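Remarks on the overall topology
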Amino acid sequence: MKIGLEAEYWVIEESGELATETDDLATVSDYVVPEFVAPLIEVQTPPVSSTAELRREFGSVLKAVRDEADEQGLALVPLGTPLARESLDITSERGRLLERMYGDDMEYAMNCAGTHVHFDKTDVVRQLNLLTALDPALALVCSSPYYNGSKLASSSRAAVYRYESHSTFARYRDLWDYVESEEQWEARIDEQYTILQIIARERGIDIGTFTDHFQREDAVLTPVRLRHRSPTIEWRAPDTALPTEIVRLVGEVMELMEQTTYKDVVVGETGIRSTEIGVPPFPELRGLSTAAISEGIGSLRVHEYLTTMGFDVTRYHPVSKQIEAGWTLPHEEALRLRREFADALWEDIDEMNGTA
């Protein structure tokens, strides 16, 4: 099973302030692309066949962009949010269209940095349902407890991205229920795509402009997506984080995903068995996901669930647990934390490349 990775990172100046110009960083590799707000970039990998290969490719691209950033007096930061309140400008046409449709809710997406993992499409229903059931694994790499200077959750990115939106848009960002067939998934996508077209038309966006920038499969921003053009199953639940932690997580998830080629995914008694993978009923899973977002691996029930699903929780050291501050975070402290974790990322990249 081939996998690919997309990880978003904030770019900061030496002071810790978010950078306003990052276009040059995208010139170092075809696998570095600008995001829809200026201080955010995405680092990608080509499809690979193993975690060892993923580590090598990811480490190589990260080192190239890190070194170029250093030449410009910039640095990359592996935090799920900027920590402090920021005023960010949208730089892409798709982003501006989303802002017209989402209105004030767009702020939540603008202040979030996540990790997206693509798995080769094999048995679609089993893969969609397993990744849905693995949503609480986001707890292993939570990287920002602060949003707009206030302590919010172990993964403040997931908390605001999923739960703070108006009900009209929550369906495009929150976790969806298990599916019984690929046709059922496609019917859900058709329904939400039609609704989004109606919203766009109400906001004065003509159908041609809408379809130029929004395809059926990328109109929803849920934690699990089916991508036909790739073709892959995409997992979007985790925060951005230190790359060694991300590769460790992807490796463990990949081992489980490979089992879907010969094991059924069934709702019932949770656990990995010889002929099937048991996942909890969706209402129970929702509770686990909420606890994972709020408490991270500090939640005993999340810890027990992930252990039952085969994860070695003791190997993870989420950034969120390393940030100790009060309920509010002064701007200067946010800048200091950005610099601190930019340094941690620098060292982690060297570890990825075997040069630490």
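Check the entry above for the structure.
Here is a short report on the structure shown in this document. Nothing here was measured: the structure is a model prediction, and the numbers come from that model.

Basis of the calculations
- Counting restarts for each chain: residues are numbered from 1 in the order of the written sequence.
- At least 70 in pLDDT is required for a residue's local features to be given in this predicted model, at least 80 for side-chain atom pairs to be given and counted, and no such filter applies to totals for whole chains, interfaces and linings, which use all residues.
- Working from all heavy atoms in the structure, the side-chain values ignore hydrogens and water.
- What counts as a helix is a DSSP run of H or I of at least four residues, what counts as a strand is a run of E of at least two, and both are numbered from the N terminus.
- We compute the radius of gyration over the C-alpha atoms and compare it with the globule rule, which gives 2.2 Å times the number of residues raised to the power 0.38.
- Relative accessibility thresholds used throughout: buried, under 20% of the residue-type maximum; exposed, over 50%; partly exposed, between the two (1.4 Å probe, protein chains only).
- In this scheme, strands are said to pair when DSSP sees at least two bridges between them.
- Any two residues whose heavy atoms approach within 4.5 Å at even a single point are treated as in contact.
- Axis lines are fitted to C-alpha atoms, over the contacting stretch for helices. Their N-to-C directions set the angle, which ranges from 0 to 180 degrees.
- In this analysis, the expected span of each helix is defined as 1.5 Å times one less than the number of residues it contains.
- Residues qualify for a patch when their relative accessible area is over 30% and they have no salt bridge, like charges being joined within 9 Å and the nonpolar side chains of Val, Leu, Ile, Met, Phe, Trp and Tyr within 5 Å.
- Here, Shrake-Rupley sampling with a 1.4 Å probe gives the accessible areas, and only protein chains in the shown set may cover a residue.
- The salt bridge definition used is simple: a Lys or Arg side-chain nitrogen within 4 Å of an Asp or Glu carboxyl oxygen.
- Charge assignment: positive for Lys and Arg, negative for Asp and Glu; neither His nor the chain ends contribute.
- Charge positions come from single atoms, namely NZ of Lys, CZ of Arg, CG of Asp or CD of Glu.
- Counting of polar contacts relies on pairs of N or O atoms within 3.5 Å, with two restrictions inside protein: one atom must be capable of donating a hydrogen and the other of accepting it, and residues adjacent in sequence are counted only when both atoms are side-chain atoms.
- In plain words, nonpolar cores are sets of buried Ala, Val, Leu, Ile, Met, Phe, Trp, Tyr and Cys residues tied together by side-chain atoms within 4.5 Å.

Within the protein one finds 13 helices and 12 strands. Here the protein has a C-alpha radius of gyration of 19 Å; the compact-globule value for 356 residues is 21 Å, and the two agree. C-alpha extents for the protein along the principal axes are approximately 55 × 50 × 40 Å. Classification of the 356 residues of the protein by burial places 57% in the buried group.

Attention now goes to the sheet that holds strand 12 (residues 276-279). Read from one edge of the open sheet, three strands run 10-12-11, paired in mixed fashion. Lying at the two open borders of the sheet, with one neighbouring strand each, are strand 10 (264-267) and strand 11 (271-272). Sheet topology note: the strand 11/strand 12 ladder contains two bridges and is antiparallel. Bridge pairing in strand 12 places Gly 271 opposite Gly 278. Packed onto the sheet, helix 4 (residues 124-133) meets strand 10 and strand 12 and runs at close to 50° relative to strand 10.

Here we come to the pairing of strand 1 (residues 3-13). Of all 11 residues in strand 1, 10 are buried, a share of seventy percent or more. Two elements, strand 1 and strand 5 (residues 115-120), share five bridges in a ladder whose sense is antiparallel. Of the residues in strand 5, the one forming a bridge with Ile 3 is Phe 119. In this structure, strand 1 lies alongside strand 3 (residues 40-44), joined through five bridges in antiparallel fashion. What sits directly across from Glu 8, in strand 3, is Glu 42. Pairing of strand 1 with strand 4 (residues 74-77), which is carried by four bridges, proceeds in the antiparallel orientation. The partner of Glu 13 across the bridge, within strand 4, is Leu 74.

Attention now goes to helix 13 (residues 331-352). In this model helix 13 runs 31 Å from its N-terminal to its C-terminal C-alpha over 22 residues, within 8% of the 32 Å that 1.5 Å per residue would give. Of the residues making up helix 13, those classed as buried are Ala 334, Leu 335, Leu 337, Arg 338, Phe 341, Ala 342, Leu 345, Asp 348, Ile 349, Asp 350 and Met 352. On the buried face of helix 13, the contacting elements are strand 1, helix 1 (51-71), strand 4, helix 9 (243-259) and helix 12 (319-322). Just downstream of helix 13, Gly 354 is the residue with a positive phi angle, here 70°.

Turning to a negative patch on the surface, a few remarks are in order. A surface patch of negative charge is lined by Glu 13, Glu 14, Asp 70 and Glu 71. With respect to the element layout, Asp 70 can be found in helix 1. Given a relative accessible area of 44%, Asp 70 falls into the partly exposed group.

This brings us to unusual backbone geometry. In the segment running from Ser 230 into Pro 231, the intervening peptide bond is cis, with an omega of -15°. Within the secondary structure layout, Pro 231 lies in the loop between strand 8 (224-227) and strand 9 (232-235). Although it is not a glycine, Asn 148 sits at a positive phi angle of roughly 55°. Considering the arrangement of structural elements, one finds Asn 148 in the loop between strand 6 (146-147) and strand 7 (150-151).

Attention now moves to the side chain of Gln 44. Of note, Gln 44 is situated in strand 3. What makes Gln 44 buried here is its relative accessible area of 18%. Of the polar contacts made by the side chain of Gln 44, one reaches the side chain of Glu 42; its length is 2.7 Å. Gln 44 has contacts with Leu 5, Glu 6, Asp 30, Tyr 31, Val 33 and Val 61, leaving out every residue within four places of it along the chain.

Glancing now at the nonpolar core. Judged by nonpolar contacts, the single largest core of 122 residues is most densely connected at Met 101, Trp 235 and Phe 311. Top contributing element to this core by residue count: helix 9, with eight residues. Residues within four places of Phe 311 in sequence aside, it is in contact with Leu 134, Ala 137, Leu 140, Leu 249, Glu 252, Val 253, Leu 256 and Leu 306.

Our focus in this paragraph is the pattern of salt bridges. When charged atoms on two side chains of opposite charge get close, those side chains can pair. Per the counting criterion, the structure on display carries 24 salt bridges. A salt bridge links Arg 66 to Asp 67; the shortest N-O distance between them is 3.1 Å. Residue Arg 66 is classed as buried on the basis of its relative accessible area of 7%. Given the relative accessible area of 27%, Asp 67 is considered partly exposed. A salt bridge links Glu 217 to Arg 229; the shortest N-O distance between them is 3.1 Å. Here Glu 217, found in the loop between helix 8 (207-213) and strand 8, pairs with Arg 229, found in the loop between strand 8 and strand 9; they are 12 residues apart in sequence, far enough to count as distant. Take Glu 217: its relative accessible area is 8%, and that puts it in the buried class.

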